[in-house]
Structure formats: structure tokens, C-alpha cells
Amino acid sequence: MKSVFNGSVLCAVLGVASVAGAQEAAAPAAESVKAPSADAVRDTWNYFYKGQGQGPVLVEAKLCTEVAKEGPNKFECTAEVGPEGIKAGTTVMLWQSYLVPQGDSIDDLTVQVKQGNTVRETKDVKVKGDGWRARQWTGVKLAKPGSWTVVVMRGDQVLKEVPVKVL
């Protein structure tokens, strides 16, 4: 019985892999990326499948003016705020990418928006371990000129600070 089940799983995996391969062939060529080490892959698998209760890993956070809603870059930041800054009154998104252990639901993340040392806005963020990557984008308004910082926090712990110049 076990061999029949394993054979069924193998057929399903191969079927999905061939469909995914066909989709990749139809997609535009991706940029070349460095393959991770075997240890890095193993650590990632272990964390995703066995790291329940340990919290999220914030992989990336950046300020964006656009997040793609469809196409090959769906849910990706497609227009990042540059070092030159952004015009006052503009609403931007703090785009975030997390690795969350499978099945976990994280609801103690916040995004704080600070002008200098003054907190102007705080928003709750929730992410779930439904897949390899949990992406979230949180809209914030940068109302006045000056030096601003958008901060991702879990409880009292700062996970990432993103400075931005507002003109």
C-alpha cells in the first residue's frame, strides 16, 4: 500500500513539475541568481516545516509607490522609492516579505511611521505561513517634508528601519 501511495505522490509531483516547467518556459527569462548552499536550503526547510511558534523572519522590506496586481511580477514592488526621496503628501507602501513557519499566524507585527523621533502613525500587520513567502504591503502617508523612518516591529523588537526623505 505504501509503495502505491509513494508512486501516486511521485506522479503528482512530476505532473506539477512539468506544468510548472511549461509555465516557466512561457515566462520571460529571469535574471541569473546565485544558488543557495545546501545548508541554507536545509535550514529554510527545517524552519518552514518545524519552526512553528518561533515567529516570522523578515526577509525584505522596502518603500514602494507601486505593487503589481497581476502579471509575472504579481505582488512584487515594481517602483521603489529612491534615495532622492518623495514628495510630501504621497502615500507609499511598505512592502514586506516574510518566511513564516507553515501553519503559523502572526498578528503582533506593526509598522510605525516616524517623522524625526515623533511617531505619526502605527498600523497592525498580520501574516500567515501558507506558503514559502508571505508578502504584505502597508500603505502609509508621508504628510510633511523632512526626515522620516518607517519601522517594522514585532512587539518591542525593531525588525527593520527604512529611512526616507520627504521633499
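Our structure's up above, just so we're on the same page.
None of these values were measured; they are calculated from a predicted model.

Visitor: Any chance you could explain the side chain of Thr110 here in plain terms?
Guide: With respect to the helices, strands and loops of the structure, Thr110 is situated in strand 4 (residues 105-115). For Thr110, a relative accessible area of 16% corresponds to the buried category. Discounting chain neighbours no more than four positions away, the residues touching Thr110 are Thr122, Lys123, Asp124, Val125, Val151, Val152 and Met153.

Visitor: I keep staring at the nonpolar core and nothing clicks. Help me out?
Guide: Most often, soluble globular proteins have nonpolar side chains that are buried together. Judged by nonpolar contacts, the single largest core of 23 residues is most densely connected at Leu63, Leu94, Val127, Leu142 and Val164. Contributions of two or more residues to this core are made by strand 1 (57-67), strand 3 (90-99), strand 4, strand 5 (118-128), strand 6 (134-142), strand 7 (146-154) and strand 8 (157-166). Considering each element in turn, this core owes the most residues, 4 residues, to strand 4. Among all residues touching Leu142, those that are not within four sequence positions of it are Ile86, Lys87, Ala88, Gly89, Thr90, Val92, Val113, Trp148, Val164 and Val166. Judged by nonpolar contacts, the second largest core, of 5 residues, contains Cys64, Val67, Cys77 and Met93.

What counts and what doesn't
- Within each chain, residue numbers correspond to sequence positions counted from 1 in written order.
- For a predicted model such as this one, the threshold for reporting local features is a pLDDT of at least 70, and the threshold for listing and counting side-chain atom pairs is 80 or more; totals across whole chains, interfaces and linings nevertheless cover every residue.
- Side-chain descriptors were evaluated using all non-hydrogen atoms of the structure, hydrogens and water having been removed beforehand.
- Working definition: helices are DSSP H or I runs of at least four residues, strands are E runs of at least two. Numbering for both runs from the N terminus.
- For each residue, the accessible area found with a 1.4 Å probe, counting protein chains only, is set against the maximum for its type, and the residue is called buried under 20%, exposed over 50%, and partly exposed in between.
- By definition in these notes, contact holds between two residues if any of their heavy atoms fall within 4.5 Å.
- By nonpolar core is meant a set of buried Ala, Val, Leu, Ile, Met, Phe, Trp, Tyr and Cys residues that side-chain atoms within 4.5 Å join together.

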